[in-house]
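Listed here are the chains, written in short residue letters.
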Protein chains: 4
Amino acid sequence: MEGGCCGHGLRLDGPVRDDARRRLLSVKGHVEGILRMLEDDTVYCVDVLKQLKAVDGALGKVGNLVLQSHLRHHVVTAHERGDEDRIVAELMEILKYR
Amino acid sequence: MEGGCCGHGLRLDGPVRDDARRRLLSVKGHVEGILRMLEDDTVYCVDVLKQLKAVDGALGKVGNLVLQSHLRHHVVTAHERGDEDRIVAELMEILKYR
Amino acid sequence: MEGGCCGHGLRLDGPVRDDARRRLLSVKGHVEGILRMLEDDTVYCVDVLKQLKAVDGALGKVGNLVLQSHLRHHVVTAHERGDEDRIVAELMEILKYR
Amino acid sequence: MEGGCCGHGLRLDGPVRDDARRRLLSVKGHVEGILRMLEDDTVYCVDVLKQLKAVDGALGKVGNLVLQSHLRHHVVTAHERGDEDRIVAELMEILKYR
């Protein structure tokens, strides 16, 4: 898991980064809550599945934020910068259906 | 986020619970890693999106474990117990496509 | 694509089969509509993507119907029949997250 | 289901359109195959679910093609054209997680 990087100088927008961080902190708290549920030896499978689904939804929303910011700040300007091949390849890697 | 519960006495299988816990601890560590990435103001959107996708995959695997255990231990015996309406309704709520 | 089959005698419930057929006929019509869109050399990518997403949603609903029927009629009785290993393995193959 | 359109003059790339059409014709054939399966009153739920999943995968691949073409030909140049707000909003509508 590398940070920043890469010489291309493209960075996640500051306010979006802050928002993503806040939401991920809440995701982390949610995961900790599921971990506590799992200490209870009477926990019911479906209650765990529901919580996993909720965490998945929250992660998806963080992804939406970051994706939208990336589209706005880096993808729509890729042709001007001349790095569109890399930008499109990276994005397809993330977005592609299987 | 309620624990165990519900009077129906159906419980997540012990070894599966342990496995789910181990995997969720690793998910939590992964989320903490993304939180650290997000402290770096040069972090690149796509690196964050890749990590979010990896966490999503790991969560999905925890879900698979719990789902399989639920099918094996509770769903295939629902008609014998007589709670098949509840069991099917709960499962569809989790599994349904939108 | 094999039909019916398999010696286990488990069959898709008649009314559900009819409903699935009606919905799939509509999916087929929708696909034909996209094929017509694609004959127009001014068609816009996003209009195609929206229609593909709509078809995907319609297919998902057919899947929900068939899945619910399978759960109700075959999965909850699997232990009584003694074929629960097969039933669970088949279902996980379809439902599992990657 | 509107064709082309919209005054913005952005069009799905010709060869991609042809490829999408070929693949959608195959999807249509696949759907017709499932319709034939559903005429058989001994058809097994899981066989239908498997075929629906296969169609879903094939549709997803058509979507990948069209999406990649849209990124390459329209999204990376949006800032130059000045329609980036619309382009990003449209794309998020399609790509967003729920």
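Residues numbered from 1 in each chain as written. Chains lettered and ligands numbered in written order. Predicted model: local features only at pLDDT ≥ 70, side-chain atom pairs only at ≥ 80, totals over all residues. Heavy atoms only, no water.

To continue, consider the pattern of salt bridges. Opposite charge on two side chains lets them pair, provided their charged atoms get close. Residues and elements named next belong to chain A. Applying the stated rule across the entire model yields 28 salt bridges over all chains. Of the charged contacts, one joins Arg23 and Asp19 as a salt bridge, the two residues approaching to 3.2 Å between their closest N and O atoms. Of this pair, Arg23 and Asp19 both sit in helix H1 (residues 14–37), four residues apart, which is roughly one turn of that helix. Exposure remark for Arg23: the relative accessible area of 35% places this residue in the partly exposed category. A salt bridge links Arg81 to Asp83; its shortest N-O distance comes to 2.9 Å. You can call Arg81 partly exposed: its relative accessible area is 35%. (Salt bridge = Lys/Arg side-chain N within 4 Å of Asp/Glu carboxyl O. Helix = DSSP H or I, 4+ residues; strand = E, 2+ residues; numbered from the N terminus. Buried < 20%, exposed > 50% of the residue type's maximum accessible area, 1.4 Å probe, protein only.)

Right, let's talk about the confidence of the model for chain A for a bit. Model confidence for chain A is summarised by a mean pLDDT of 93, while 93% of its residues fall at 70 or above. For this predicted complex, the interface confidence reaches an ipTM of 0.92, while the overall pTM sits at 0.93. (pLDDT = per-residue confidence, 0-100.)

How big an interface is tends to be stated in terms of accessible area lost as the parts join. Listed as interface residues are 55 residues of chain D and, on the opposing side, 55 residues of chain C. The tally of links from chain D across to chain C stands at two salt bridges. Salt-bridge contacts for Glu32(C) lead to Lys28(D); the nearest nitrogen and oxygen are separated by 3.5 Å. Taken together, the connections running from chain D to chain C amount to 15 residue pairs in polar contact (both at pLDDT 80 or more). Mapped by element, the contributors of at least two residues to the side of chain D that touches chain C are helix H1 (14–37), helix H2 (45–75) and helix H4 (84–95) of chain D. At 18 residues, H2(D) tops the list of elements feeding residues into the side of chain D that touches chain C. Broken down by class, the residue content of the side of chain D that touches chain C amounts to 28 nonpolar, ten polar and 17 charged. (Contact = heavy atoms within 4.5 Å. Polar contact = N/O pair within 3.5 Å; in protein donor to acceptor, adjacent residues only side chain to side chain. Nonpolar A, V, L, I, M, F, W, Y, C, P; charged D, E, K, R; others polar.)

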